[in-house]
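Each chain, written out:
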Amino acid sequence: MTTRDDCLRRDAADPLRRFRDRFHLPDGLVYLDGNSLGPLPRELPARLHATLAREWGEGLIRSWNDADWIGLPRRLGAAIAPLIGARPHEVIVADSTSINLYKLLLGGLALRPGRQVVLAEAGTFPTDLYMAEGAAARAAGIVVRRVESDAELLAAIDETVAVVMLTHVDFRSGRLHDMAVVTAAAHAAGALVLWDLAHSVGALPIALNEAGADLAVGCTYKYLNGGPGAPAFLYVAEALQASLPAALPGWLGHARPFDFAADYEAAPGIDRQLCGTPPVLSMAALQAALALWPEVDMAALRAKSQALTGLFIDLVEARCPGLELATPREPDRRGSQVAFRHPEGYAIVQALIGRDVIGDFRTPDLLRFGFAPLYVRYVDVWDAVERLASVLAEEAWRDPRYRARAAVT
Ligand SMILES: Cc1ncc(COP(=O)(O)O)c(C=O)c1O
């Protein structure tokens, strides 16, 4: 059985250990919620302040050109591209994940006329389903078909399907899809695939180009640490960029926005997926957060992620009776998060937060923990399980203050 000293030894030998200092993490806190909101990168406030003071304060409107604010969506997209296995011109940062999903889904439907189905998983993140239903309502004759399992998914991909829309890592269970296998199955049936990378970008290496993926969206406030409400990104494979229409044709997606022409003409390439003015301050924060990623060895990141999640599963199963694993046991089938079931999940998570271990709760009964390999240590895993075991043994979750539901869980 692993001891706390074993964990300290693993931390000392961790090739990623130097990255923890690049983040502000409150003293004594074990933070296992980077899969919801990443912590503040230490370099971010100074960089953001420079944007505020120099670019906005002094440069004023000149900074759209002089500081290339107008190029931020493309520059940030190019910075994210290597993390998702894409080329720089295939990614832009814009809007929210929900909005990007809507744009790409409607665009994708237009590329598959005569097909009626958007294939989705019943348990996918709800905004994906809501947006798909919204997009379907705008495109005549389209239905969203929901499947319940991986086996059902592959069997349901046929020549009626226009777009297969999937979350790469499931937000509840952490189950990881085999992107290459599903993409190949969709292409064999003539369908496009749209991947939601919200829970995989920055958590594991992603190979969109290698898999032949068509479309993807993702968010930057989780493992990329862009800050609360940071803008999202979208990916369109080069081969589709000229034909994929702009479903929300805003002025910055126009071929020549400053012609102020009365009629829309889509920009060539991925720029047509831009709608309105980019949120420069949020993008400046994200730019600062992305600065450390070129230094990260993604294979080492994946190896540590699998080791952390595996250690957590082993320790919880050994020390926390009553919790039932809801995440795939095989390391290659999960992302960087682990969920356990317990009927008192909400109160247990609150009691754990009361002991300085932050995870989160997903209805109806999931305790969910994220393990961001850049700053979570093996000893954090040990300490988290120690405190979880004590919350359960003492039934600390019975305390009424842990039972009142907050607006955000
Ligand atoms: C898988 C997934 N998709 C989409 C979203 C929603 O993203 P946004 O709020 O940026 O639209 C989330 C949010 O957590 C998510 O986990």
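Colleague: Help me out: how do you make sense of the overall build of the chain in this one?
Modeller: If you tally the helices and strands in the chain, you get 14 helices and 15 strands. Against the compact-globule benchmark of 22 Å for 409 residues, the chain has a radius of gyration of 22 Å, which places it among compact chains. Overall, the C-alpha framework of the chain stretches about 70 × 55 × 40 Å when taken along its three principal axes. Evaluated residue by residue, the chain yields a buried proportion of 56% over its 409 residues. For the chain, the proportion of contacts with a sequence separation of at least 24, taken over those separated by at least 6, is 72%. When the accessible surface of the chain is split by element, carbon and sulfur atoms take 56% of a total near 16,800 Å². Across the chain, the 41 positively charged side chains and the 49 negatively charged ones have centroids separated by 2 Å.

Colleague: Got a minute to help me understand the site of the ligand in this structure?
Modeller: The full set of residues close to the ligand is Ser96, Thr97, Ser98, Phe125, Thr127, Asp128, Thr167, Asp196, Ala198, His199, Tyr221 and Lys222. For the ligand, an oxygen atom lies 2.5 Å from a polar atom in the side chain of serine 98. Between an oxygen atom of the ligand and a side-chain N or O atom of tyrosine 221, the distance comes to 3.2 Å. Relative to its unbound accessible area of 400 Å², the ligand is 85% covered by the protein chains. Put simply, the parts of the chain that give the shell around the ligand at least two residues each are helix 5 (97–110) and helix 6 (126–138). Per-class residue counts for the shell around the ligand are three nonpolar, six polar and three charged.

Colleague: I tried to follow the sheet that holds strand 6 (residues 143–147) on my own but got confused; where do I start?
Modeller: Backbone-to-backbone hydrogen bonds pair the strands of a sheet. The strands run either parallel or antiparallel. Pairing within the open sheet is mixed, and its seven strands lie in the order 4-10-9-8-7-5-6. The open sheet has two edge strands, strand 4 (91–93) and strand 6, and neither has a second partner. The mean inter-strand angle of the sheet, taken between neighbouring strand axes irrespective of direction, is 20°. Pairing analysis gives five bridges linking strand 7 (residues 161–167) to strand 8 (residues 192–196), with the strands arranged parallel. The residue of strand 8 that forms the bridge with valine 163 is leucine 192. Packing of helix 5 onto the sheet brings it into contact with strand 5 (117–121), strand 7, strand 8, strand 9 (215–218) and strand 10 (233–236), and relative to strand 9 it is tilted by some 170°. Strand contacts of helix 6: strand 5, strand 6, strand 7 and strand 8, with the helix running at about 150° to strand 6, the strand carrying the most contacts.

Colleague: What is the right way to read the side chain of histidine 177 from this model?
Modeller: When you line up the elements, histidine 177 lands in the loop between strand 7 and helix 8 (179–188). Side chain to side chain, histidine 177 and arginine 175 meet in a polar contact 3.2 Å long. The contact partners of histidine 177, leaving out residues within four places of it in the chain, are Glu121, Asp150, Leu153, Leu166, Thr167, His168, Val182 and Trp195.

Colleague: Could you clarify how one ought to interpret the pattern of salt bridges in this entry?
Modeller: Once the charged atoms of two side chains with opposite charge are near each other, the side chains can pair. Enumeration over the complete set of coordinates arrives at 30 salt bridges. The salt bridge partner of arginine 4 is aspartate 383, with a shortest N-O separation of 2.8 Å. On the criterion of sequence distance, the pair formed by arginine 4 in helix 1 (residues 4–12) and aspartate 383 in helix 14 (residues 378–393) is long-range, its members being 379 residues apart. Exposure remark for aspartate 383: the relative accessible area of 13% places this residue in the buried category. For arginine 333, the salt bridge identified is with glutamate 330, shortest N-O distance 3.6 Å. Classification of arginine 333 by relative accessible area gives partly exposed; the value is 36%. Through salt bridges that share partners, Arg18, Arg22, Glu43, Arg47 and Glu295 make up one connected network.

Colleague: Honestly, the environment of leucine 366 in this entry has me stumped. Any pointers?
Modeller: Looking at the element boundaries, leucine 366 is found in strand 15 (residues 366–370). We classify leucine 366 as buried; its relative accessible area is 4%. In this structure, the C-alpha to C-alpha distance between leucine 366 and serine 173, residues 193 residues apart in sequence, is 8.7 Å. Once you skip the residues sitting within four places of it in the chain, leucine 366 turns out to touch Arg172, Ala326, Ala339, Phe340, Arg341, Asp360 and Phe361.

Colleague: Mind showing me how you'd approach the packing of helix 12 (residues 298–319) against helix 14 here?
Modeller: How two helices sit against one another is set out by the angle between their axes and by the gap between those axes. Here helix 12 crosses helix 14 at 25°, and the two axes come no closer than 10 Å. One element, helix 12, and the other, helix 14, form an angle in the roughly parallel class. At the point where helix 12 passes helix 14, the crossing takes the right-handed sense. When helix 12 is examined against helix 14, the residues Lys304, Ala307, Leu308, Leu311, Phe312, Leu315, Val316 and Arg319 are found in contact with a partner set consisting of Tyr378, Val381, Trp382, Val385, Glu386, Leu388 and Ala389.

Colleague: Help me understand the sheet that holds strand 11 (residues 324–325), please; the structure alone is not making it clear to me.
Modeller: What the four strands build is an open sheet, ordered 11-12-15-14; its pairing is antiparallel. Lying at the two open borders of the sheet, with one neighbouring strand each, are strand 11 and strand 14 (360–362). Note: strand 11 against strand 12 (residues 337–341), two bridges, orientation antiparallel. Among the inter-strand pairings, leucine 325 is bridged to a residue of strand 12, identified as phenylalanine 340. Along the sheet, helix 12 makes contact with strand 11, strand 12 and strand 15, crossing strand 12 at roughly 20°.

Colleague: Mind showing me how you'd approach the side chain of threonine 183 here?
Modeller: Positionally, threonine 183 belongs in helix 8. Judged by relative accessible area, threonine 183 falls into the buried class, the value being 0%. Only 3.3 Å separates the side chain of threonine 183 from the side chain of tryptophan 195, close enough to count as a polar contact. With residues up to four places along the chain from it excluded, the contact list for threonine 183 reads Val193, Trp195, Ala211, Gly212 and Ala213.

Conventions and cut-offs
Residues numbered from 1 in each chain as written. Predicted model: local features only at pLDDT ≥ 70, side-chain atom pairs only at ≥ 80, totals over all residues. Heavy atoms only, no water. Helix = DSSP H or I, 4+ residues; strand = E, 2+ residues; numbered from the N terminus. Rg over C-alpha atoms; globule rule 2.2 N^0.38 Å. Buried < 20%, exposed > 50% of the residue type's maximum accessible area, 1.4 Å probe, protein only. Contact = heavy atoms within 4.5 Å. Areas by Shrake-Rupley, 256 points an atom, 1.4 Å probe, with all protein chains shown as cover. Lys, Arg positive; Asp, Glu negative; His and termini not counted. Charge placed at Lys NZ, Arg CZ, Asp CG, Glu CD. Near = heavy atom within 4 Å. Polar contact = N/O pair within 3.5 Å; in protein donor to acceptor, adjacent residues only side chain to side chain. Nonpolar A, V, L, I, M, F, W, Y, C, P; charged D, E, K, R; others polar. Pairing = 2+ DSSP bridges. Axes fitted to C-alpha atoms, helices over the stretch in contact; angles between N-to-C directions. Salt bridge = Lys/Arg side-chain N within 4 Å of Asp/Glu carboxyl O. Parallel < 35°, antiparallel > 145°, perpendicular 65-115°, else oblique. Left-handed = near helix turned anticlockwise from the far one by under 90°.

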